[in-house]
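Residue-level structural notes
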Amino acid sequence: MTDAKRCRQVTVMPDGGFCFGVRGAVDAVDDCPTPAAVLGEIAHNPTVMEDLRARGVRVVYAPEEIRPEETVIIRSHGIAPEVAHRLESRAHRVIDATCPRVRRAQRAARDAAETGWPVVVVGRADHPEVEGVVGHAGPGTEVVSTAAAARALSPKQRRAVVFQTTFDPSLVEGVLQALREVTDRLWVRDTICTVVAHRRETVARMAREVDAVVVVGGANSSNTAALAQVVKEAGTPVYCVEKAMELPLPELERYTRFAVVGGTSTPLESLQEVARRISGC
Ligand code: SF4
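Residues numbered from 1 in each chain as written. Predicted model: local features only at pLDDT ≥ 70, side-chain atom pairs only at ≥ 80, totals over all residues. Heavy atoms only, no water.

What to know about the packing of aromatic side chains
- Going through the model one piece at a time under the given rule, you end up with four aromatic pairs.
- Judged by centre distance (6.1 Å) and plane angle (35 degrees), the rings of F163 and F167 are tilted. In terms of burial, F163 and F167 fall into one category: buried.
- Within the aromatic cluster, the residues linked to one another by ring pairs are Y239, Y255 and F258.
- The ring of W117 carries the charged tip of R158 above its face, separated from the ring centre by 4.7 Å. (Phe/Tyr/Trp six-rings, centres within 6.5 Å; stacked < 30°, edge-to-face > 60°. Buried < 20%, exposed > 50% of the residue type's maximum accessible area, 1.4 Å probe, protein only. Lys NZ or Arg CZ within 6 Å of the ring centre and 35° of its normal.)

Right under this line is the structure:
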């Protein structure tokens, strides 16, 4: 072991690992008898997905892929009612592991639509959670992810606003201001998840206290990308890896103090494994 390795301080983020929504979905899969299938990736994390496949749980991407003998688990992102009906008509059994906070956003969208308010969902239109929330709000629902897109909407007398649970809180005011420019009355439902906001604050704080931050998570996870962005904004070098084996160890030799952080779908074990490899033990 080099002197540099011996002196390294590696801190794993407090409260790291799955959020309670993803934990609930992973536990539902663990407790589910096979044959079973998950509709979409239960967590945007290759380690979690490899474990599931090793246990014989299939990942399918459409209700039509479900076999009649299978139990299907709805992941934490939730789904649209129309997709739920298609699942129920095919699967042996359906276990709904939609996160309670996503369910709250779905309810907010549905209630607003039912009381006659046109709904605008603030989030990424191609994100599965947003697709589900839009499905609950019904036809005519608008989706925007930026202030520019909000400003480009056609003028309306009123709109109900629902947020993707993982929407960046720092962008909220800009989007709302833009929506006010094209809407006489806004009914804003705060559906952003506090877990995500809290994690961003923790990462921003840790980034200011170390020489480099390693973000652990799936390359396809928007959560992981958002945390990397928080680190960049703090001006601290950031490295993104899916697994400990991907760490660029020679490059990390130049740093002494590290923070190891992860999104809500990164298991705590992955963070600890990365921390061990950086420490050299
Ligand atoms: S980030 Fe929040 S809303 Fe999303 S699954 Fe986790 S607890 Fe639920």
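Digging into the packing of helix α9 (residues 194–209) against helix α10 (residues 222–233)
- Here α9 crosses α10 at 35 degrees, and the two axes come no closer than 9 Å. For α9 against α10, the interelement crossing comes out right-handed. For the pair α9 and α10, contact is made by V196, R199, R200, V203, A204 and A207 and by N223, A226, L227, V230 and V231, respectively.
- Residue classes in the contact of α9 with α10 are distributed as eight nonpolar, one polar and two charged. (Axes fitted to C-alpha atoms, helices over the stretch in contact; angles between N-to-C directions. Helix = DSSP H or I, 4+ residues; strand = E, 2+ residues; numbered from the N terminus. Left-handed = near helix turned anticlockwise from the far one by under 90°. Contact = heavy atoms within 4.5 Å. Nonpolar A, V, L, I, M, F, W, Y, C, P; charged D, E, K, R; others polar.)

Some remarks on the sheet that holds strand β9 (residues 183–189)
- On the basis of which strands lie adjacent, the open sheet formed by four strands has the order β7-β6-β8-β9 and parallel pairing. Of all strands in the sheet, those with a lone pairing partner are β7 (142–144) and β9, marking the two edges. Across the sheet, the mean angle separating the axes of adjacent strands is 30 degrees when strand polarity is ignored.
- Sheet strands touched by helix α5 (residues 100–114): β6 (119–122), β8 (156–163) and β9. Its angle to β8, the strand with the most contacts, is close to 165 degrees.
- With respect to the sheet, helix α6 (residues 128–137) is in contact with β6, β7 and β8, its orientation differing from that of β6 by roughly 170 degrees. (Pairing = 2+ DSSP bridges.)

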